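A structural walkthrough
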Amino acid sequence: MASELLKFLESREDSYLQLERLISQAESGGLKKFDRNSLIELGRLYRMASADLARARYVLRSPLLTHYLNELVGRAHHLIHQRRTPVKLGLVRFFSRDFPSTVRREIKPIMLALALLLGASVLGGISYTYDREWGQLVMAQPELRAYEKQLEDNPTALAADIDENLMPVASAFIISNNIRACITATAGGLLFGLGTLMALVFNGFLLGVVGSMFLNKGPEYDLYFWAGVLPHGVLEIPAIAVAGGGGFLIARGLLMPGKFSRGDAIRIEGRSAMILLGGVMGILVVAGLIEGFITPLKPGIFPSWAKLIFSAIILAAFAMYIIFAGRDDEIEDSELVELRTSTQIRLE
């Protein structure tokens, strides 16, 4: 046993000394001063030392080595996971920095999701224009025909007619329904992205079919449609795209883990996906309140042209938020996020 312990120490001595040096540097200057390679090396050595701690305790049965590694791993764990924020401050930080920063960092999969959503919408509109039966892909035939008849009888009823007493209930239903759709889009990434793809195509195709119902009726119907969709749609459509981008991140972790193990890659990408989904839920609460209380307002109270101006203001404010929020106090580098996510090991 003694010879086995000596051989083990000889093979690990340089690694432990390197981990000590990195920990000392981090304790004096912080992890943000580390470059990408140093962060990766710190994570690798930390995971190795954590595994060695269990071996020292249960296999080698060396109290001195166990004590040494317990202190070493404990110092590293404290450095990597030291930040704890109160819930209220955490929510402020989340929406002011974490969420918009993650959207900017993961803009490529989000733009892919947006392109699929809008592309399916165009396809749905064109398909319904040439053959109304295409609408049955997203609606049962009785529901489709009832929708079309209601449009003929009273076009404003589809886009902007919720009874004032039902607005709170309608808003809550809209919020929960939209959140459910976005959770589905994100969770679909676990099916190697196929679930996400299907959710985006379905929602886009549905939007195109409904839009085509209005826009094919003539110019007098156009304003009803845009005034009934855009006030909340300028938030809901980006929210679905962001949720879809989160799904594609999970799929990327499954299919292209890169330098990480597949498990670590899924945890890293999954963390970003959950940040995106959390931000989406906040966006959908605002969108649901708009759809439940503002979009249904009668033209005599809130004219259609005013709703379009309101929509433009909301869209501009959302774009400014995503582009600029948190830039002065940017969230940790993505490498540090990767380090923290990939070293979630429970210490004995």
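Analysis parameters
- Residues numbered from 1 in each chain as written.
- Predicted model: local features only at pLDDT ≥ 70, side-chain atom pairs only at ≥ 80, totals over all residues.
- Heavy atoms only, no water.
- Helix = DSSP H or I, 4+ residues; strand = E, 2+ residues; numbered from the N terminus.
- Buried < 20%, exposed > 50% of the residue type's maximum accessible area, 1.4 Å probe, protein only.
- Contact = heavy atoms within 4.5 Å.
- Areas by Shrake-Rupley, 256 points an atom, 1.4 Å probe, with all protein chains shown as cover.
- Expected span 1.5 Å × (residues − 1).
- Core = buried A, V, L, I, M, F, W, Y, C linked by side-chain atoms within 4.5 Å.
- Phe/Tyr/Trp six-rings, centres within 6.5 Å; stacked < 30°, edge-to-face > 60°.
- Axes fitted to C-alpha atoms, helices over the stretch in contact; angles between N-to-C directions.
- Parallel < 35°, antiparallel > 145°, perpendicular 65-115°, else oblique.
- Left-handed = near helix turned anticlockwise from the far one by under 90°.
- Nonpolar A, V, L, I, M, F, W, Y, C, P; charged D, E, K, R; others polar.

We now examine the overall build of the protein. Helix and strand counts for the protein stand at 13 helices and zero strands. Start at the N end of the protein and walk to the C end: the helices and strands fall as α-α-α-α-α-α-α-α-α-α-α-α-α. With 348 residues in all, the protein has 47% of them scored as buried. Within the protein, residue pairs in contact and separated by at least 24 positions form 79% of the contacts whose partners lie at least 6 positions apart. For the protein, the computed accessible surface area is about 18200 Å², with 64% contributed by carbon and sulfur atoms.

Between its terminal C-alpha atoms helix α5 (residues 107-130) stretches 35 Å, which fits the 34 Å expected from 24 residues at 1.5 Å a residue. All of the buried residues along α5 are P109, I110, A113, L117, A120, S121, G124, G125, S127 and Y128.

With 34 residues, the main nonpolar core has F99, V103, C182, L235, V242, L276 and V280 as its most contacted residues. Elements with a contribution of two residues or more to this core: α4 (87-105), α5, α8 (167-187), α9 (194-215), α10 (219-255), α11 (262-294) and α12 (304-324). Every residue in contact with L276, bar those within four places of it in the chain, is listed here: F99, T102, V103, I110, V242, G245, G246 and L249.

Our focus in this paragraph is the packing of aromatic side chains. Enumeration according to the criterion identifies six aromatic pairs in this entry. A ring pair is formed by F94 and F95, whose centres lie 4.9 Å apart and whose planes are at 85°; its orientation type is edge-to-face. The class for F94 is buried, based on a relative accessible area of 17%. What makes F95 partly exposed here is its relative accessible area of 32%. Each residue in the set F94, F95, F99, F318 and Y321 is aromatic and connected to the rest through ring pairs, giving one cluster.

Relative placement of two packed helices is described by the angle separating their axes and the distance separating the axes. With their axes 6 Å apart at the nearest point, α5 and α9 run at an angle of 40° to one another. The angle between α5 and α9 falls in the class oblique. Judged by the sense of rotation from one axis to the other, the crossing of α5 with α9 is right-handed. The residues of α9 that touch α5, namely those facing A113, L116, L117, A120, S121, L123, G124, G125, S127, Y128 and T129, are L197, L200, V201, N203, G204, F205, L207, G208, V209, S212 and M213. When the residues that make up the contact of α5 with α9 are grouped by side-chain class, the tally is 13 nonpolar, nine polar and no charged.

These figures come from the coordinates and say nothing about function on their own.
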